[in-house]
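So the chains spell out like this:
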Number of protein chains: 2
Amino acid sequence: MKTLARKDQIRLKAQMLFRERGYSATSMRDLADELGIEAASLYNHISSKEEILQGICFGMAESFFAAVEPVTLSALDPKAKLQSALEAHLRVIAENSDASAVFLHEWRHLGEPFLSDFKLMRRRYEKLFVTLVEEGIARDSFKKMDARVVARTILSATNWTFESQKTSKSDGDATIQQIAELLVEGLIRR
Amino acid sequence: MKTLARKDQIRLKAQMLFRERGYSATSMRDLADELGIEAASLYNHISSKEEILQGICFGMAESFFAAVEPVTLSALDPKAKLQSALEAHLRVIAENSDASAVFLHEWRHLGEPFLSDFKLMRRRYEKLFVTLVEEGIARDSFKKMDARVVARTILSATNWTFESQKTSKSDGDATIQQIAELLVEGLIRR
DNA sequence: CCTACCGATCGGTAGG
DNA sequence: CCTACCGATCGGTAGG
């Protein structure tokens, strides 16, 4: 369907621009220029600038949950589970680097009630990793440590690492495993 | 209690607002309101909005170098040196959390030639940590690994960790040591 | 998807 | 530090 395709084009270009310049510094005219149309024409496909941001932020949230939640429910042992979850998280970022950067940085420009919804969702997601660490500690697979600090440190490291990386398809998988292993082996294993 | 020079007051409030809303989403009128004056009055103390951003970004750059460079030149063994450098880095962030957040996120809104200068400086700073890791590997104090990946992972973890933390004076030092130790012990020691 | 246009707000200046 | 104001640009609408 033609309209859908156009809407996707808008979203893709918006992801790029929001990542590069930030949401507030990107004008609808910038976005329209990138697509070779007039700013007014955008509104045939979307109803507001913020709607685009919402689509990116909540769409990525879905992607992250869809990738990581199944892993947390699996029967793997704690270490393998955490490492798999981390790799799943990293894979989502690697495959959607623009959208991920927007997800990580631009969500604060959401208006209410979306802002509150987003924050809640983000807490729930981080909780997945905290729980994995807690489980590992409880079952004596991980050394004893502050699960919240460790989980946050791990997520932080992964998120930031991809910030300034181009992640070419070739070395992408190697880097993902490298990082996931580095973190899990180093920080977690007793 | 001595009152701050107006220029310093402007900078402090700007740091808060730039951090909370982002540089582009913060207007000079927002900033003026926060100080209880008119927007036009700001220009008696500063010459442009971007000048404020420049002051924050390059001022923090100086703070980071001043704190970390001496450590890299010290005679400590590789592990102690890296951990000290990391703690110095973390202390600067903890003591200037608003300005650090701006330094980390808002620099991209600098115009040329400041943008290029900033990027160069940032590379030089990261290089300090890469070199520390390389030294440790060369002297067989650290396990063999990709120094650039490790250094970046460490910095990433530290930077992000303070993002959403209030860092109350009380638990600040504990957290700094906790994080620095976690990273160095876990990722680096052979 | 375009032309034509809106009110609001932007960073900044003039002049006191 | 204020009043008064500037041209530019913003997100968005009307109507075809």
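Structure report, in brief. All residue numbers refer to position in the chain's written sequence, counted from 1. To label them, take the chains in the order written and letter them from A, then take the ligands in the order written and number them from 1. Only residues with pLDDT of 70 or above have their local features reported here, since the model is predicted, and side-chain atom pairs are shown and tallied only from 80 upward, although totals for entire chains, interfaces and linings are computed over all residues. Water and hydrogen atoms play no part in the side-chain values, which are based on all heavy atoms of the structure.

1. A short note on the nonpolar core
- Definition used in this section: a nonpolar core is a set of buried Ala, Val, Leu, Ile, Met, Phe, Trp, Tyr and Cys residues joined via side-chain atoms within 4.5 Å. Whether a residue is buried, partly exposed or exposed follows from its accessible area with a 1.4 Å probe, protein chains only, as a fraction of its type maximum: under 20%, in between, or over 50%, in that order. Core analysis: the largest hydrophobic core is formed by 126 residues, its most contacted members being A:Ile52, A:Phe129, B:Ile52 and B:Phe129.
- Whether two residues are in contact is decided by their heavy atoms, any of which lying within 4.5 Å being enough. Aside from chain neighbours lying at most four places away, what touches A:Ile52 is A:Ile10, A:Ala14, A:Phe18, A:Met28, A:Leu31 and A:Ile46.

2. Quick notes on the interface of chain A and chain B
- At the junction of the two partners, chain A supplies 31 residues and chain B supplies 31 residues.
- The buried area of a pairing is the accessible area, by a 1.4 Å probe, that goes missing from both parts when the two are put together, added over both. Of the roughly 2500 Å² buried between chain A and chain B on both sides combined, carbon and sulfur atoms contribute 64%.
- Taken as a group, A:Arg108, A:Trp160 and A:Leu182 account for 27% of the area that chain A buries against chain B, more than any other trio of residues on that side.
- By definition, a salt bridge exists where a carboxyl oxygen of Asp or Glu is found within 4 Å of a side-chain nitrogen of Lys or Arg. At the junction of chain A with chain B, the criterion picks out two salt bridges.
- A salt bridge links A:Arg108 to B:Glu106, with the nearest nitrogen and oxygen atoms 3.1 Å apart.
- What qualifies as a polar contact is a pair of N or O atoms within 3.5 Å, subject to a donor-acceptor requirement within protein and to the restriction that residues adjacent in sequence count only when both atoms come from side chains. At the junction of chain A and chain B, the tally comes to six residue pairs in polar contact (both at pLDDT 80 or more).
- Secondary structure elements are taken from DSSP: a helix is a run of H or I of four residues or more, a strand is a run of E of two residues or more, and numbering for both begins at the N terminus. Here the element with the most residues in the side of chain A that touches chain B is helix 7 (residues 147-161) of chain A; it accounts for nine residues.
- The nonpolar class holds Ala, Val, Leu, Ile, Met, Phe, Trp, Tyr, Cys and Pro. Asp, Glu, Lys and Arg form the charged class, and all remaining residues, Gly among them, are polar. When its residues are assigned to classes, the side of chain A that touches chain B shows twelve nonpolar, twelve polar and seven charged.

3. Description of the protein's contact with DNA strand C
- Around DNA strand C, 15 residues are found, and the nearest of them are A:Glu38, A:Ser41, A:Asn44, B:Met28 and B:Lys49.
- The near set for a molecule or strand comprises every residue that places at least one heavy atom within 4 Å of it. Near the protein, meaning within 4 Å, the atoms of DNA strand C are sugar or phosphate in a fraction of 53%, with bases accounting for the rest.
- The side chain of A:Arg6 places a nitrogen or oxygen atom 3.1 Å from a phosphate oxygen of DNA strand C.
- One of the side-chain nitrogen or oxygen atoms of A:Ser41 is found 2.6 Å away from a phosphate oxygen of DNA strand C.
- A breakdown of the residues in the surface near DNA strand C according to their chemical character gives five nonpolar, six polar and four charged.

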